[in-house]
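# Coordinates in review
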Amino acid sequence: MVSTAGQRPASRDDGRPRPPGAANGHSDLSQRGFPPLADSRLRPRQPVVILAGGLGSGKTELAINLCLRLRATGDRVRIADLDIVKPFNRCREARELLADAGVELIAPPGEQFFSDLPVILPEIRGMIREAGAGEPEEMTAEPGAGIVVLDVGGDAAGARVLASLAGAFRPDGYEFLLVLNTSRPFTTDLAGLSKMCDEVRAAAGLVPTGLIANTHLMDETDVETVLGGYRAVSELARTAGLPVRMVACDERLAPALPPSSFDCPVLALTRVLGLPETRGARKSPLTYV
Amino acid sequence: MKGAEAIGEAAIRAGASAYFCYPITPQTEVAEYLAKRMPQVGGVFLQGESEVAVANMLFGAAATGKRVFTSTSSPGFSLMAEAMSYIAGAELPVVFINVMRCGPGLGGVLAAQGDYWQATRNSGHGDYRCPVLAPCSVQEAAELTVQAFDLAEKYRNPVILLADGMIGQMMEPVSLDSLTPGVPSEKPWATTGCRGRDPNIIKSLYLDPHVLEKMNLRLSAKYRRMVDEEVQVELYNQRDRLDLLVVAYGTMARICKTAIDILGEEGLHLALVRPISLFPFPAAAVHAAARHATRVVTVELSQGQMVEDVDLALRELGPSEFFGRSGGVVPTPDEVAGAFRRLAKGACQ
């Protein structure tokens, strides 16, 4: 296992690796904005969770949040950074945060860590097989399960990486969730959303199992932005015959959402990657390389 | 939108009818966006076989009077430099977008500001200059893209939009309705078919030295006019008495603003001069702000390039201190604040 927690320096301050999860307990994760999942409907239904979708739809922020929240709930969580389409805003940039929480990050070692080359580590295939070997419902229904999250690059180009891993997935042993932000170019209406889904599905060679409504306009998001996005994604869900698994929303706005508006749970997100002027500043959970 | 997407959409709204490109990280999203959008608006999207080919396609297409542009990143920009000189010599309006990555050589794929000299002096050979615009947000990237097309036509000259990998990749809300491109001007010089008129000849070859010098003088007057008319600068947190004046552009300016705010809470007075136009450089604004400051620091994602322009601007007030990170390392606001704190407190003593 190539784990950045074990083999790369977890801190650039002292250069010494720290053991996963040694520094922080669950209460510390809560303080940093990642409390245990209170709504069991947010738990994965399968031991492998694939997050794919359009470029910039929020997959990585969602993946990091989901991993930390599951970790806070007591699960063993591993995340594979499968973004091979860009060298920015990837979950590997949160490696210190993930390592401190005891979430195992699988990303290329050495200088390939910083590249956008199509490096697919062989252990990812093994990890998917291993995770999918048990009885899924028993494994994932209760806290304490072993969960594998695959954070995939954007658009069909990013989803292509899944096709090369196709043989490792046990049929019905994974959740393949498409993250959709209807404020993004090309996915603002049903036609665009359908096209995105079809293209990602074709490139991945896997059938999506659900949708995540993650419509936002960064700090300019309001309740109507989230509700409008949910309505559009729900329309796609009806035509595609897929469930809306969850609505994702900034933690600062989540309390203002009327609960009766949704037929699915809401995942409140703490922004991790953010913008360059906020990283490493005061309350930011993240620093740069 | 991502910065790269906003640049692509702004170019369309500015009336760009052809985009030639060769993919290179970290700006390939511009090409991906335009591969979808250009066909929708009846424009041309063409991936060349290299950046050399792309820049020469621009040379030919610009000669027809159409609004044309490309986007690339540092090593690709170097490959375009020869054609850029020819385009400047032929006085053609072309917009070049350079989303800088770290170097020299292939360097790395992360953000940097090491192409300042290349952009603000001469990318290619010969006696020419180009306006250089540096955005520090996604909205500004869109607005400056539109301006770049207008400036290119106003001066019949290449214009460079100099962004860095962070600006290209960051996502922010954008208001596209606020973009107000100028109306493309009449182009009696364009090669549009010479039926009924004398042929237009577009070239950069002048064998008679006196003729060429005359042209050099005319170009030089054009560049002086840019210096007089095209300076753009943002002043942040200006006061009558400053513990430290900061000069930074692009992504570094965003980080510096946060650092200035952090130190403001500690009672230290810092201000920022952010050049938006790197050529022409806002020398007068830097000098005027520096008169209120005990010390000046230039901050870059390089080991020091713009700092030379700052020193030139400071004249008797200089030289500037310097803080820089490079190689793709982007400092955090806390790290920058730490450097500022040391400089400001040193100045206070």
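First, a word on what this report is: a plain description of the structure on this page. Computed from a predicted structure; not experimentally measured. (Residues numbered from 1 in each chain as written. Chains lettered and ligands numbered in written order. Predicted model: local features only at pLDDT ≥ 70, side-chain atom pairs only at ≥ 80, totals over all residues. Heavy atoms only, no water.)

## Looking at the pairing of strand 2 (residues 76-82) of chain A
The two faces of a sheet get side chains in turn, since along a regular strand they alternate between them. All names here are of chain A. For clarity, the threshold we go by: The rule is simple: take the accessible area with a 1.4 Å probe, protein chains only, and divide by the maximum for that residue type; under 20% is buried, over 50% is exposed, in between is partly exposed. Helix and strand assignments come from DSSP, with helices taken as H or I runs of at least 4 residues and strands as E runs of at least 2, each series counted from the N terminus. Paired strands are those between which DSSP finds at least two bridges.
Summarising burial for strand 2: six of the seven residues are buried, a large majority. As paired elements, strand 2 and strand 4 (residues 146-152) share seven bridges and run parallel to each other. Pairing of isoleucine 79 across the sheet is with valine 149, part of strand 4. Taken together, the three bridges between strand 2 and strand 3 (residues 104-106) define a ladder with parallel strand orientation.

## Things to note about the pattern of salt bridges
This is how it is decided: Any Lys or Arg side-chain nitrogen found within 4 Å of a carboxyl oxygen on Asp or Glu counts as a salt bridge.
Counting across every chain of the model gives 37 salt bridges over all chains. In this structure, A:Asp250 and A:Arg252 form a salt bridge, with 2.8 Å as the shortest nitrogen-oxygen distance. The exposure class of A:Asp250 is partly exposed, given its relative accessible area of 21%. Its salt-bridge partner being B:Glu91, residue B:Arg218 comes within 2.7 Å of it at the nearest N-O pair.

## Looking at unusual backbone geometry
Residue and element names in this part refer to chain B. Geometrically, the link from threonine 25 to proline 26 is a cis peptide bond, its omega value of 10 degrees lying close to zero. For proline 26, the position within the fold is in the loop between strand 1 (18-21) and helix 2 (28-40). Each neighbour pair has its own omega, and for glycine 103 with proline 104 the value is 5 degrees, a cis peptide bond. Inspection of the secondary structure puts proline 104 in the loop between strand 4 (94-100) and helix 5 (116-120). The phi angle at glutamate 91 is positive, at roughly 55 degrees, despite the residue not being glycine. Topologically, glutamate 91 is positioned in the loop between helix 4 (74-89) and strand 4. Take glutamate 91: its relative accessible area is 9%, and that puts it in the buried class. One non-glycine residue, arginine 315, adopts positive backbone phi at about 50 degrees. Inspection of the secondary structure puts arginine 315 in the loop between helix 11 (306-314) and strand 12 (321-324).

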